[in-house]
Amino acid sequence: MSTSGPMVGSDEELFFDKDGHLDFSPNDPENPKNYPFVRKCYITTVAISLVMNATFSSSAPSGAFRGISNDLHVSTEAAGLVTTLFLLGYCAGPLFWAPLSEFYGRRWIFYISFTIYFAFAFGFLWASTPNFAGFLVGRFLTGTAVSAALTNAPGILADIWGPVVRGNAMILFATMTFVGPALEPVVSGFIQLKETWRWTFYVLL
């Protein structure tokens with residue numbers, strides 16, 4: 001059972017779990033596990049949508065390598081680096097997005113990371129740069145930014161759902177990690193036939 005005691009300089013009580021760690025008070029409305037069911041579903045939908053966008057982005061150029069190769073005057077093999085650099089960003093991002101989310105909250109990490117993702121995706125490098133080296137830098141930075149979804153979404157689901165229902169939410173998360181890479185080559189290949197390869201990256205926005 002939780003124990004409680006008075007807070008110094010305040011009438012508010014502190015609540016501790018069985019291990020002596022600070023915990024939410026019973027029925028605390030600020031406890032994410034006490035959110036209304038509809039709000040939990042909304043948060044889950046947003047989180048897994050961000051995950052699908054992140055994984056969708058990873059394989060985005062796979063159907064557009066020929067267009068990238070022709071437009072930026074590089075070999076098809078070199079064009080494959082746009083996926084490699086993005087995945088390297090996937091590896092770099094979690095090293096700081098995950099720890100920062102524990103200190104400053106997951107919401108602000110998503111605000112910051114997806115603002116960076118959007119800025120580099122549209123304004124600077126992905127869709128408008130004429131330079132292949134700059135394009136690769138942009139892919140690395142966007143991969144670093146969007147990796148926040150993969151590292152922090154499971155934490156969000158664990159925060160809001162109890163141990164019984166959490167499994168279903170995690171199934172949705174795991175599914176989205178496969179849906180994105182499977183869907184994107186089809187989408188980018190079709191766009192390559194009808195539009196330029198740059199539209200593959202506009203779609204990601």
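Predicted model only: the values in this text are computed from it and were never measured. (Residues numbered from 1 in each chain as written. Predicted model: local features only at pLDDT ≥ 70, side-chain atom pairs only at ≥ 80, totals over all residues. Heavy atoms only, no water.)

Draft legend 1. Fine view of the UniProt feature "transmembrane region" (unreviewed entry) in the chain. This chain's UniProt record puts "transmembrane region" (unreviewed entry) on residues 41-58, 78-96, 108-127, 133-157 and 169-191. Along residues 41-58 the backbone is 100% helical and 0% strand, and the end-to-end C-alpha distance reaches 26 Å. Across residues 78-96, the secondary structure splits into 89% helix and 0% strand, with the terminal C-alpha atoms separated by 29 Å. (UniProt positions renumbered as here; feature names shortened; annotations may be inferred. Helix = DSSP H or I, 4+ residues; strand = E, 2+ residues; numbered from the N terminus.)

Draft legend 2. Region of interest: the packing of helix α5 (residues 94-104) against helix α7 (residues 132-160). Taken N-terminus to C-terminus, the directions of α5 and α7 make an angle of 50°; their axes are 9 Å apart at the nearest point. Here α7 runs oblique to α5, going by the angle between their axes. The handedness of the crossing between α5 and α7 comes out as right-handed. Counting all contacts with α5, which are made through Pro94, Phe96, Trp97, Ala98 and Ser101, the residues of α7 involved are Thr144, Ala145, Ser147, Ala148, Thr151 and Asn152. (Axes fitted to C-alpha atoms, helices over the stretch in contact; angles between N-to-C directions. Parallel < 35°, antiparallel > 145°, perpendicular 65-115°, else oblique. Left-handed = near helix turned anticlockwise from the far one by under 90°. Contact = heavy atoms within 4.5 Å.)

Draft legend 3. Inspection of the confidence of the model for the chain at higher detail. For the chain, mean pLDDT is 81; residues scoring 70 or higher make up 89% of the total. Ranking the elements of the chain by mean pLDDT puts strand β1 (residues 3-6) last, at 46, and helix α1 (residues 37-58) first, at 90. Counting contacts from residues 1-9, a segment whose pLDDT is below 50, to residues more than four positions away or on other chains yields 14 contacts. (pLDDT = per-residue confidence, 0-100.)

Draft legend 4. Fine view of the layout of surface pockets. Taken as a whole, the largest pocket encloses approximately 710 Å³ of empty space. Of all the secondary structure elements, the ones that give two or more residues to the lining of the largest pocket are α1, α5, α6 (106-124) and α7. The residue inventory of the lining of the largest pocket, partitioned by class, reads 15 nonpolar, 2 polar and 5 charged. (1 Å grid on protein atoms, 1.4 Å probe; cavity = no way out; pocket = protein on both sides within 12 Å on 5 of 7 lines; lining within 4 Å. Points joined across faces, edges and corners; volume = space filled by probe spheres on them. Nonpolar A, V, L, I, M, F, W, Y, C, P; charged D, E, K, R; others polar.)

Draft legend 5. Layout of a nonpolar patch on the surface. There is a patch of nonpolar side chains on the surface, built from Leu95, Phe96, Leu100, Phe103 and Tyr104 and spanning about 600 Å² of accessible area. Within the fold, Phe103 resides in helix α5. (Patch = residues over 30% accessible without salt bridge, like charges linked within 9 Å, V, L, I, M, F, W, Y side chains within 5 Å. Areas by Shrake-Rupley, 256 points an atom, 1.4 Å probe, with all protein chains shown as cover. Salt bridge = Lys/Arg side-chain N within 4 Å of Asp/Glu carboxyl O.)

Draft legend 6. Geometry of the environment of Tyr90. On the secondary structure map, Tyr90 appears in helix α4 (residues 81-92). For Tyr90 and Val146, which are 56 residues apart along the polypeptide, the C-alpha to C-alpha distance reads 7.6 Å. Beyond its immediate chain neighbours, meaning those up to four positions away, Tyr90 contacts Ala54, Thr55, Ser58, Gly143, Thr144, Val146, Ser147 and Leu150. Reaching out from Tyr90, the side chain makes a polar contact with the backbone nitrogen of Thr55 at a distance of 3.4 Å. (Polar contact = N/O pair within 3.5 Å; in protein donor to acceptor, adjacent residues only side chain to side chain.)

Draft legend 7. Representation of the packing of aromatic side chains within the structure. Under the counting rule described, the total for this entry stands at 6 aromatic pairs. With centroids separated by 5.3 Å and ring planes inclined at 90°, the aromatic side chains of Trp108 and Tyr111 adopt a geometry described as edge-to-face. Highlighted residues: Trp108 and Tyr111, both in helix α6, separated by 3 residues, approximately one helical turn. Residue Trp108 is classed as exposed on the basis of its relative accessible area, which comes to 55%. The exposure class assigned to Tyr111 is partly exposed, which follows from its relative accessible area of 44%. (Phe/Tyr/Trp six-rings, centres within 6.5 Å; stacked < 30°, edge-to-face > 60°. Buried < 20%, exposed > 50% of the residue type's maximum accessible area, 1.4 Å probe, protein only.)

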